[in-house]
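Remarks on the overall topology
Spelled out from the first residue to the last, the chains are:
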Amino acid sequence: MWDASSPRPWKDTKDLMAFTHSRRDNEPVSPRRVRARRRTSVIGLALLVAGIVAGCSAPSGGAAPSSSADAGTPVKGGELKVATSGSDPGCLDGHQISSEYMQFFGRVIYDNLVAQDDSGKIVPWLATSWDISPDGKTYTFHLRKGVTFQDGTPFNAEAVKVNFEHMLDPKTKSPLAGNYIRPYQSSTVVDPYTLKVDLQYAYSPFLDVLAQGWLGFDSPKQIQDDPASLCTKPIGTGPFEVESYTKQQSVVVKRNPDYDWAPAYTKHTGPAYLDGIEFDFVTEDSVRYNSLVSGQYDLTTAAPPENAAALKADPQFTYVNTPRTGMPVVWEFNQSRAPFDDINVRKAFRAAVNVPAVDKSVGFGFLYPVDTYLGTRTQFFDPSTKGKFSYDPKLANKLLDTAGWTERDSDGYRTKDGKRLSVVINVSDPTTQPLVDQIQAAVKKVGIELVNRTVTVAQATQLRYAGDYDVISGAWHTNTPDVMYILFNSASIPTPSAPGQNLSFTRDADIDAWTQEARETTDPAKQKELYSKVQKRLIDIAPGLPLYEYSAVYAYNNTTVHGIQSVNTHPVPYFVNAWKSR
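Residues numbered from 1 in each chain as written. Predicted model: local features only at pLDDT ≥ 70, side-chain atom pairs only at ≥ 80, totals over all residues. Heavy atoms only, no water.

Observations concerning helix 2 (residues 157–168)
Helical periodicity: at 3.6 residues per turn, an α-helix aligns residues three or four positions apart in one direction. Across its 12 residues, helix 2 extends 17 Å between first and last C-alpha, which sits within 8% of the 16 Å expected from 1.5 Å per residue. Taken as a whole, helix 2 has its buried residues at Ala 157, Ala 159, Val 160, Val 162, Asn 163, Phe 164, His 166 and Met 167. Where helix 2 is buried, its residues meet strand 6 (138–143), helix 3 (177–180), strand 7 (184–191), strand 8 (194–199), helix 4 (206–210) and helix 5 (220–225). Between a side-chain oxygen at the N-terminus of helix 2 and the backbone nitrogen of Glu 158 the separation is 3.2 Å; the capping residue is Asn 156. (Helix = DSSP H or I, 4+ residues; strand = E, 2+ residues; numbered from the N terminus. Expected span 1.5 Å × (residues − 1). Buried < 20%, exposed > 50% of the residue type's maximum accessible area, 1.4 Å probe, protein only. Contact = heavy atoms within 4.5 Å. Polar contact = N/O pair within 3.5 Å; in protein donor to acceptor, adjacent residues only side chain to side chain.)

Focus on the nonpolar core
Among the nonpolar cores identified, the biggest contains 101 residues, and Leu 113, Phe 141, Phe 164, Leu 210, Phe 279 and Phe 575 are the most heavily contacted of them. In terms of residue count, helix 15 (residues 524–541) provides more of this core than any other element does, six residues in total. (Core = buried A, V, L, I, M, F, W, Y, C linked by side-chain atoms within 4.5 Å.)

A word on the confidence of the model for the chain
Looking at the chain, the pLDDT average stands at 87 and 88% of residues meet or exceed 70. Confidence drops under a pLDDT of 50 for residues 1–27, and excluding neighbours within four residues, the segment shows 161 contacts in the predicted structure. Across residues 32–69, where pLDDT falls below 50, the model places 223 contacts with residues more than four positions away in sequence or in other chains. (pLDDT = per-residue confidence, 0-100.)

Describing the packing of aromatic side chains
In this description, an aromatic ring pair is defined by two values, namely the gap between the centres and the angle between the planes. Applying the stated criterion across every chain, the model contains 23 aromatic pairs. For the ring pair Phe 333 and Phe 340, a centre distance of 4.2 Å and an interplane angle of 15 degrees mean the geometry is stacked. Owing to a relative accessible area of 0%, Phe 333 belongs among the buried residues under this scheme. Residue Phe 340 is classed as buried on the basis of its relative accessible area of 1%. Among the aromatic side chains, those forming a connected cluster through ring pairs are Tyr 101, Phe 104, Phe 105, Phe 279, Phe 281 and Phe 575. The ring centre of Tyr 465 lies 4.4 Å from the NZ or CZ of Arg 464, which sits over that ring. A cation over an aromatic ring shows up here: Arg 519 above the ring of Tyr 485, its NZ or CZ 3.7 Å from the ring centre. (Phe/Tyr/Trp six-rings, centres within 6.5 Å; stacked < 30°, edge-to-face > 60°. Lys NZ or Arg CZ within 6 Å of the ring centre and 35° of its normal.)

Quick notes on the environment of Asn 179
Along the polypeptide, Asn 179 turns up in helix 3. Accessibility expressed as a relative area gives 31% for Asn 179, which makes it partly exposed. It is 9.1 Å that separates the C-alpha atoms of Asn 179 and Ile 486, two residues lying 307 residues apart in sequence.

Describing the sheet that holds strand 15 (residues 407–408)
The three strands lie next to each other as 15-16-17, forming an open sheet whose pairing is antiparallel. Two strands in the sheet have a free side with no partner beyond their single neighbour: strand 15 and strand 17 (419–420). When strand 16 (residues 414–416) meets strand 17, the two strands line up antiparallel, connected through two bridges. Across the sheet, residue Lys 416 finds its bridge partner in strand 17, namely Lys 419. (Pairing = 2+ DSSP bridges.)

Things to note about the state of the cysteines
Per the stated rule, a full pass over the model turns up one disulfide. The residue that forms a disulfide with Cys 91 is Cys 231, at a sulfur-sulfur distance of 2.0 Å. Here the S-S torsion is close to -85 degrees, and the disulfide linking Cys 91 with Cys 231 is therefore left-handed. Of the two residues, Cys 91 sits in the loop between strand 2 (79–84) and helix 1 (102–108) while Cys 231 sits in the loop between helix 5 and strand 9 (240–246), which places them 140 residues apart along the sequence. Taking relative accessible area as the criterion, Cys 91 reaches 4% and is therefore assigned buried. In this structure Cys 231 comes out as buried when scored by relative accessible area, which is 18%. (Disulfide = S-S within 2.5 Å.)

Topic: the packing of helix 14 (residues 509–520) against helix 15
Relative orientation of the contacting elements helix 14 and helix 15 amounts to 155 degrees, with a least axis distance of 9 Å. The angle between helix 14 and helix 15 places the two elements in the roughly antiparallel class. Considering only the axes of helix 14 and helix 15, their crossing is left-handed. Taking contact as the criterion, the partners of Ile 511, Trp 514, Thr 515, Glu 517, Ala 518 and Arg 519 in helix 14 are, on helix 15, Lys 526, Gln 527, Leu 530, Tyr 531, Lys 533, Val 534, Arg 537, Leu 538 and Ile 541. The residue makeup of the contact of helix 14 with helix 15, split by class, is eight nonpolar, two polar and five charged. (Axes fitted to C-alpha atoms, helices over the stretch in contact; angles between N-to-C directions. Parallel < 35°, antiparallel > 145°, perpendicular 65-115°, else oblique. Left-handed = near helix turned anticlockwise from the far one by under 90°. Nonpolar A, V, L, I, M, F, W, Y, C, P; charged D, E, K, R; others polar.)

A look at the sheet that holds strand 8
Here four strands make up an open sheet; going across it, the order is 5-6-8-7 and the pairing antiparallel. Unpaired on one side and paired on the other, strand 5 (127–132) and strand 7 mark the two borders of the sheet. Averaged over all neighbouring strand pairs, the angle between strand axes comes to 20 degrees, with direction disregarded. By the bridge criterion, six bridges tie strand 7 to strand 8 in an arrangement that is antiparallel. Bridge assignment links Tyr 184 to a residue of strand 8, and that residue is Leu 199. Relative to the sheet, helix 2 contacts strand 6, strand 7 and strand 8, its axis offset from that of strand 7 by approximately 165 degrees.

Right, dumping it as structure tokens:
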């Protein structure tokens, strides 16, 4: 187990390719595709092919090259064509959205104060160094000189201050970036390249979240003079700048000729090699796969699981399947209403599903089951929490008897006081149907009716924000164990004024106390102890049904594309070293 100042348990990008971010859907997360939203609620959108779990002899497909030297001397020029899964995010400003697209757009258009290197350690980027006060409440950042935004505006302390304020401005309605720096109180410009940041309390995940793609920096001039353009043509300091954004079709970026401040771990100096990149929104799995194989695209995100074996077997392609940190794919139970307000029903549902068998059936052997509420690659993951529950239909039946659901109707479903034991899941993505069908059949055997209610994406989102669901599928990626505060602290329960992410409506005094204390301590040993308690408590209260690791999956043609790296905070392609051979 590692602490905040030491390397993560994996060695380098060739060993694992490290980290990602979050996603929520009111739809069962589909193992067939990964959509481009963070935690929106459309049961199925987000769970693509899960990756290699520690200790599993899973088909990893290998890691992307860690440097462009792998294929010889980089060639400057050319355009990379990328097929991305999911629908249009609707906005390209990381401060205003929670879309998964910001995992790679955040490294294409933007830069961050800090980075996470190949070992997982937080290292300098646009901040060359920082000082932390003894009480953990004040961070003083010393900024890199000579950095400019793509509109010529200098990057300095005032620019960082404006960006922090923009993230937290109620007008921004930030679903993610603002929440990640919620303990922020104020900033003081000490001098043009020194910024003092005061927090409301010691917030241990602060540096970790500052490394994430959603917390890159917009031009302060654009924020102040033309905020309406932030969504359509944001101006950052990154290696590429937005050339065009055609809704529902594509985002095209071109090289930033002035770029010369990539993080040190990339071993890159000067501008990017590529002239530009075209990202096309291609929602159909088969189209992305066939277009990659035919050469129409150089790289595809969310490589379909049914094609994983073929891609792995073909030396022309590199297939990457990397588990994300945070919460794995979990069907979360709405504990605020019946029937999941009864812990016996929650535990019975969990025990009724043979998760490994379901995962194997719907994931073509490329999903890896979990039985914990924290991803196994997450800092302070407690291995002792594995194996604490399993498929046990006898136990499920016993628990339902204890809960009073002792009668059966003519269809074989359990009843109590004349009412059927029935739960509803809202489905807006047809690709999730095989997963729903498998679980539906499993719980029926113990007398639980799982009703598949077909809804539109808009309806699903509305139901999610209204808390009008019995079970909801989601995953949440972040590079800090503070994910357990985000998802299970009662302060994160959604309200009309705050779009919280505690979709299981967990209210537990111990979890509240432990996750808050873990936020406020900078002692790694204490954090490890507290997060272990939270993980064990989650096993006890059964807030959902864990299914499989939430992974980043992509593939590319390695005969023409070279230098693809991993974003270490998010295990997605990083293009600053990418180049095409001719």
